[in-house]
Amino acid sequence: MSNTPKKPAPGNDGGSNSMWGGRFAAGPSAIMQAINASIGFDQKLWRQDIAGSRAHCRMLVAQGIIPAQDGAEILRGLDLVEGEIAAGSFTFDAVLEDIHMNVEARLKALIGEPAGRLHTARSRNDQVATDFRLWVRDTTDALMGEIRKLQRALVDKAGAHAGTVMPGYTHLQAAQPVTFGHHLLAYAEMLDRDFGRFRDARARMNENPLGAGALAGTTYPIDRQATAKALGFDRPMANSLDAVSDRDFALEFLSAGAICAVHLSRLAEEITLWMNPQFGFVGLSDAFSTGSSMMPQKRNPDAAELVRGKTGRMIGDLTTLLIALKGLPLTYSKDMQEDKEPVFDAAETLHLGLVATAGMIGDMKVNAEAMRKAASAGFTTATDLADWLVQALGIAFRHAHEITGKAVRLAEEKNCELKDLPLAELQKIEPRITADLLTFVTVEQAVTRRSSEGGTAPERVRAAVTAMRARIEKES
């Protein structure tokens, strides 16, 4: 048996199809079958489809809509189908179009006539909406777990380097000294917002479409509260038209995923720069880098580059679904079959990016000496010099800024750091400058003094590490 969907032979229309009942005398053409079938990708929904069918079956029995004996047979049959799919012995048939009809057809083959009662008070429209929500909800939970793992990796590395000095950049130009731990925690904060976006999206998606029927509800006395509870939903969706046509949950999932991927891409870009010998800030082992087929000296940050590159797919997946939905009237249109592949692709891509990035952070070796050297280049303590003039001499900041600019020009001429400028030369610029200034403008002092809330001072970084760890464990 194979999981590969069977396709009709060229020129074979497959005959009449029982899913359409008596409406059509002949089945669809081979081309129609090819464009119409979704089993090649929606077979991913098999667990959710069976879970939804179980909940629906139990509700039908409880409401007296189908006999209890038939309900028991259906549940027994669903267990058998589940076992076959899990074991890889189930054959998915493209002629049956989708996961719903594949499961139902196999159920009928296994238990006979009672299988036909399962679809009572249900349409494929509310069925697929339910299956898809369940899949996105399950996947959201899994991705939130991976976000937390990456945050833990960042927090652990940040704690180990709370006092490691590196240059902070604006415009990719060295600006002020910061600590590497502080830099990594910025990404932990971004990921915390990503976690929150997925959590918020999960709360909104956790409503049950099942029972909406094709679009207008059903004449049977169903209990939508019961199926919602059985499937872990907070409540049934309030409007049957909205229930079958809504894909906001998929859009929110893709949007949260695209934003998270952009954050991963920014970190991947930094890792790529940091590994460049002109920076030399970090190194990755063979597990996350590759060599060159021609140049034996090369160590390429391929894992980081691929995380960066795959972000385009995530953005494209979001755009794909937005465009697919933008012109659709209520309620269900076959265009909506195009909702799953971008979501499946995005989920797989983001999962891989999160796992790979967590691996790189854990694997990363930090060259603290190179970071420290780069932090002292480019006159990164110039702002500290201006601050000293304001604090020690009472000079207005704008005037202090002008004095500092002259000091920087002098340091450029002498090819030295600000802390190494001769005091006498500084006093020619501003006579009141004292030797205290020269100890004030070291990179270590610069980061230590930035102890304002949210600042880069090592004590602040250590406190932020503790706070982030507590937040992660509390909200995981």
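Q: Where do I start with the overall build of the protein chain in this structure?
A: Across its full length, the protein chain holds 19 helices and six strands. At 31 Å, the protein chain has a C-alpha radius of gyration far larger than the 23 Å of a compact globule built from 476 residues. Each principal axis of the C-alpha atoms in the protein chain carries an extent, and together these give about 100 × 55 × 40 Å. Burial analysis of the protein chain (476 residues in total) assigns 49% to the buried set. Long-range contacts, defined as pairs at least 24 residues apart, comprise 75% of the intrachain contacts of the protein chain with a sequence gap of at least 6. Counting only carbon and sulfur atoms, one obtains 53% of the accessible surface of the protein chain, whose full area is about 22,300 Å². Side-chain charges of the protein chain comprise 54 positive and 59 negative groups, with the mean position of each set lying 2 Å from the other.

Q: I would appreciate a short explanation of the confidence of the model for the protein chain in the present structure.
A: When pLDDT drops low, the exact placement of atoms in the prediction is not to be read closely. Of all residues in the protein chain, 92% attain a pLDDT of 70 or more, and the chain-wide mean is 92. Every residue in residues 7-16 scores below 50 in pLDDT, and together they form 18 contacts with partners more than four places removed in sequence or on other chains.

Q: Help me understand the nonpolar core, please; the structure alone is not making it clear to me.
A: Generally speaking, nonpolar side chains in soluble globular proteins are found buried as a group. Counting 94 residues, the largest nonpolar core has Leu-154, Phe-198, Ile-271, Leu-350 and Leu-354 as its most contacted members. The element that contributes the greatest number of residues to this core is helix α10 (residues 248-275), accounting for 15 residues. Counting 21 residues, the second-largest nonpolar core is a separate cluster that includes Ala-382, Leu-389, Leu-426 and Leu-437.

Q: Honestly, the environment of Asn-36 in this entry has me stumped. Any pointers?
A: Tracing the sequence through the fold places Asn-36 in helix α1 (residues 30-36). Note: C-alpha distance between Asn-36 and Tyr-220 (184 residues apart in sequence) is 30 Å. Beyond its immediate stretch of four places on either side in the chain, Asn-36 contacts Glu-97, Lys-334 and Gln-337. Engagement of the side chain of Asn-36 in a polar contact is seen with the side chain of Lys-334, the distance being 3.3 Å.

Q: Help me understand the pairing of strand β1 (residues 165-170), please; the structure alone is not making it clear to me.
A: Successive side chains on a regular strand alternate, one facing one side of the sheet and the next facing the other. The pairing of β1 with strand β2 (residues 173-179) spans six bridges and is antiparallel. Along β2, the bridge assignment pairs Pro-167 with Pro-177. Counted along the chain from β1 to the antiparallel partner β2, the turn is two residues long, and its residue His-171 has a positive phi close to 55 degrees.

Q: Help me understand the pattern of salt bridges, please; the structure alone is not making it clear to me.
A: Pairing is possible between side chains that carry opposite charge, provided their charged atoms lie close to one another. For the structure shown, the criterion picks out 31 salt bridges. The partner of Arg-124 in a salt bridge is Glu-97, with the nearest N and O atoms 3.3 Å apart. Placement of Arg-124 in helix α6 (residues 124-160) and of Glu-97 in the loop between α4 (68-87) and α5 (99-111) is noted, with a sequence separation of 27 residues between them. For the pair shown, Arg-124 and Glu-97 are each scored as buried. Put simply, Arg-469 and Asp-156 hold a salt bridge, and the shortest N to O gap is 3.0 Å. In this pair, Arg-469 sits in helix α19 (residues 458-475) while Asp-156 sits in helix α6, placing the two residues 313 residues apart along the sequence. Each of Arg-148, Glu-189, Asp-192, Arg-199, Arg-471 and Glu-475 takes part in a single network of salt bridges with overlapping partners.

Q: When you look at the packing of aromatic side chains in this model, what are you seeing that I'm missing?
A: For any pair of aromatic rings, geometry is given as the distance between the ring centres together with the angle between the planes. Under the criterion given, the structure shown has eight aromatic pairs. With a centroid separation of 4.8 Å and an interplanar angle of 55 degrees, the aromatic rings of Phe-90 and Phe-92 are classed as tilted. Exposure class is identical for Phe-90 and Phe-92. Each is buried. Geometrically, the ring pair formed by Phe-132 and Phe-344 is edge-to-face, given 6.4 Å between the ring centres and 85 degrees between the ring planes. Of the two residues, Phe-132 is situated in helix α6 and Phe-344 in helix α12 (residues 340-363); the sequence distance between them amounts to 212 residues. Residue Phe-132 is classed as buried on the basis of its relative accessible area, which comes to 0%. On the basis of relative accessible area, Phe-344 is assigned to the buried category, the value being 6%. Clustering of aromatic rings is evident, with ring pairs tying together Phe-132, Trp-135, Phe-249 and Phe-344. In this structure, Arg-137 is placed above the aromatic ring of Phe-233, and the distance from its NZ or CZ to the ring centre is 5.0 Å.

Q: Help me understand helix α14 (residues 382-393) in this model?
A: Over its 12 residues, α14 runs 16 Å from end to end, which matches the ideal 16 Å to within 8%, given 1.5 Å per residue. For α14, every residue scored as buried is listed here: Ala-382, Asp-384, Leu-385, Ala-386, Trp-388, Leu-389 and Leu-393. Packed against the buried residues of α14 are α15 (397-414), α17 (436-440) and α18 (443-449). Two residues or fewer after α14 comes Gly-394, characterised by a positive phi angle close to 70 degrees.

Q: Would you mind showing me how to read unusual backbone geometry here?
A: Peptide bonds are, in most cases, trans, and in most cases residues other than glycine have a negative phi. Residue Thr-331 follows Leu-330 across a cis peptide bond; omega there is 5 degrees. For Ala-121, which is not glycine, the phi torsion reads 65 degrees and is therefore positive. Within the secondary structure, Ala-121 is located in the loop between α5 and α6. For Ala-121, a relative accessible area of 9% corresponds to the buried category. We note that His-171 has phi near 55 degrees; this positive angle belongs to a residue other than glycine.

Q: Quick question: what am I supposed to make of the side chain of Thr-164 here?
A: Counting through the fold element by element, Thr-164 comes out in the loop between α6 and β1. Other than its neighbours up to four places away in sequence, Thr-164 contacts Val-178, Thr-179, Phe-180, Ala-368 and Met-371.

Q: Sorry, what's going on with the side chain of Asn-206 here?
A: With respect to the secondary-structure elements, Asn-206 resides in the loop between α7 (180-205) and β3 (207-208). On the basis of relative accessibility, which here comes to 3%, the residue Asn-206 falls in the buried class. Those residues in contact with Asn-206 that lie beyond four places of it in its chain are Arg-137, Gly-232, Phe-233, Asp-234 and Arg-235.

Cut-offs and rules
- Residues numbered from 1 in each chain as written.
- Predicted model: local features only at pLDDT ≥ 70, side-chain atom pairs only at ≥ 80, totals over all residues.
- Heavy atoms only, no water.
- Helix = DSSP H or I, 4+ residues; strand = E, 2+ residues; numbered from the N terminus.
- Rg over C-alpha atoms; globule rule 2.2 N^0.38 Å.
- Buried < 20%, exposed > 50% of the residue type's maximum accessible area, 1.4 Å probe, protein only.
- Contact = heavy atoms within 4.5 Å.
- Areas by Shrake-Rupley, 256 points an atom, 1.4 Å probe, with all protein chains shown as cover.
- Lys, Arg positive; Asp, Glu negative; His and termini not counted.
- Charge placed at Lys NZ, Arg CZ, Asp CG, Glu CD.
- pLDDT = per-residue confidence, 0-100.
- Core = buried A, V, L, I, M, F, W, Y, C linked by side-chain atoms within 4.5 Å.
- Polar contact = N/O pair within 3.5 Å; in protein donor to acceptor, adjacent residues only side chain to side chain.
- Pairing = 2+ DSSP bridges.
- Salt bridge = Lys/Arg side-chain N within 4 Å of Asp/Glu carboxyl O.
- Phe/Tyr/Trp six-rings, centres within 6.5 Å; stacked < 30°, edge-to-face > 60°.
- Lys NZ or Arg CZ within 6 Å of the ring centre and 35° of its normal.
- Expected span 1.5 Å × (residues − 1).

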